[in-house]
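# Topology and contacts: notes
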Amino acid sequence: MACVKKCLIIVDYQNDFVSGALGFPEAAMLAPRLAEKIRAYKAQGDDVIFTFDTHGENYPDTQEGRHLPVPHCIEGTQGHALAGEIAALCEETDRCFRKNTFGSDALYEYLKKTPYERIELAGVVSNICVISNAVLAKTAQPETPILVDAGCTASGSAALHAAALDVMAGLQIEIIGRNR
């Protein structure tokens with residue numbers, strides 16, 4: 001099957017990671033660059049995919065909830081929604097994946113069946129969900145260039161952000177935009 005499109009995956013750019021329960025200043029600063037990137041992909045007719053960290057009221061009883069006891073991205077709350085202008089850029093025709101853990105198994109299955117000429121990831125949190133989904137994309141399409149834009153992803157920890165970028169580079173995921 002020929003692949004003629006590129007794909008941009010916006011990882012978990014949700015209110016709770018930007019200004020809510022787990023928000024951090026670096027996440028909020030990504031909005032203009034993410035919006036520009038989304039508009040550019042759509043203008044070229046390429047695909048934009050959004051992932052949503054998604055938890056239920058039972059979050060405190062989950063393994064993640066026991067390790068990170070901060071309820072966040074509870075489905076149906078404002079914290080679960082995409083943040084700011086990014087929310088307005090997500091259209092009904094865009095593919096969205098809800099996930100209850102760091103990586104999306106549904107996204108992986110979709111990527112296994114849908115070849116792209118290039119897959120780029122951006123969003124938050126670089127050392128948790130971005131790296132997890134980048135590895136899944138690389139696993140689903142090992143011969144497709146997988147890119148992560150360092151200027152369009154962030155973490156609450158500069159050290160973990162840098163380490164995540166280094167680990168992804170070691171996995172043959174191309175890191176672009178490191179000098180922003």
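Residues numbered from 1 in each chain as written. Predicted model: local features only at pLDDT ≥ 70, side-chain atom pairs only at ≥ 80, totals over all residues. Heavy atoms only, no water.

### Let's talk about the packing of aromatic side chains
Per the stated rule, a full pass over the model turns up one aromatic pair. Taking the centre distance of 5.8 Å and the plane angle of 50° together, the rings of Phe-97 and Tyr-110 count as tilted. Residue Phe-97 is found in strand E3 (residues 95–99), and its partner Tyr-110 is found in helix H6 (residues 105–113); the two are separated by 13 residues along the sequence. Taken individually, Phe-97 and Tyr-110 each receive the classification buried, so the pair is uniform in this respect. Arg-98 extends its terminal NZ or CZ atom over the ring of Phe-52, reaching a point 5.0 Å from the ring centre. (Phe/Tyr/Trp six-rings, centres within 6.5 Å; stacked < 30°, edge-to-face > 60°. Helix = DSSP H or I, 4+ residues; strand = E, 2+ residues; numbered from the N terminus. Buried < 20%, exposed > 50% of the residue type's maximum accessible area, 1.4 Å probe, protein only. Lys NZ or Arg CZ within 6 Å of the ring centre and 35° of its normal.)

### Points about the side chain of Asp-149
By the secondary structure assignment, Asp-149 is in strand E5 (residues 146–154). Within the structure, the side chain of Asp-149 is placed 2.9 Å from the side chain of Lys-37, a separation counted as a polar contact. (Polar contact = N/O pair within 3.5 Å; in protein donor to acceptor, adjacent residues only side chain to side chain.)

### Description of the pattern of salt bridges
Following the criterion strictly, the structure yields eleven salt bridges and no others. What emerges from the salt-bridge pattern is a single network uniting Lys-37, Arg-118, Glu-120 and Asp-149. (Salt bridge = Lys/Arg side-chain N within 4 Å of Asp/Glu carboxyl O.)

### Observations concerning the sheet that holds strand E4 (residues 118–124)
Sheet strands associate in pairs through backbone hydrogen bonding, adopting either a parallel or an antiparallel arrangement. Strand order in the open sheet made by the six strands is E3-E2-E1-E4-E5-E6, with parallel pairing throughout. A single partner strand is all that each edge strand has here, and the edge strands are E3 and strand E6 (174–176). Averaged over all neighbouring strand pairs, the angle between strand axes comes to 25°, with direction disregarded. In this sheet, E6 lies alongside E5 in parallel orientation, the contact comprising three bridges. The residue bridging Leu-147 from the neighbouring strand is Glu-174, located in E6. (Pairing = 2+ DSSP bridges. Axes fitted to C-alpha atoms, helices over the stretch in contact; angles between N-to-C directions.)

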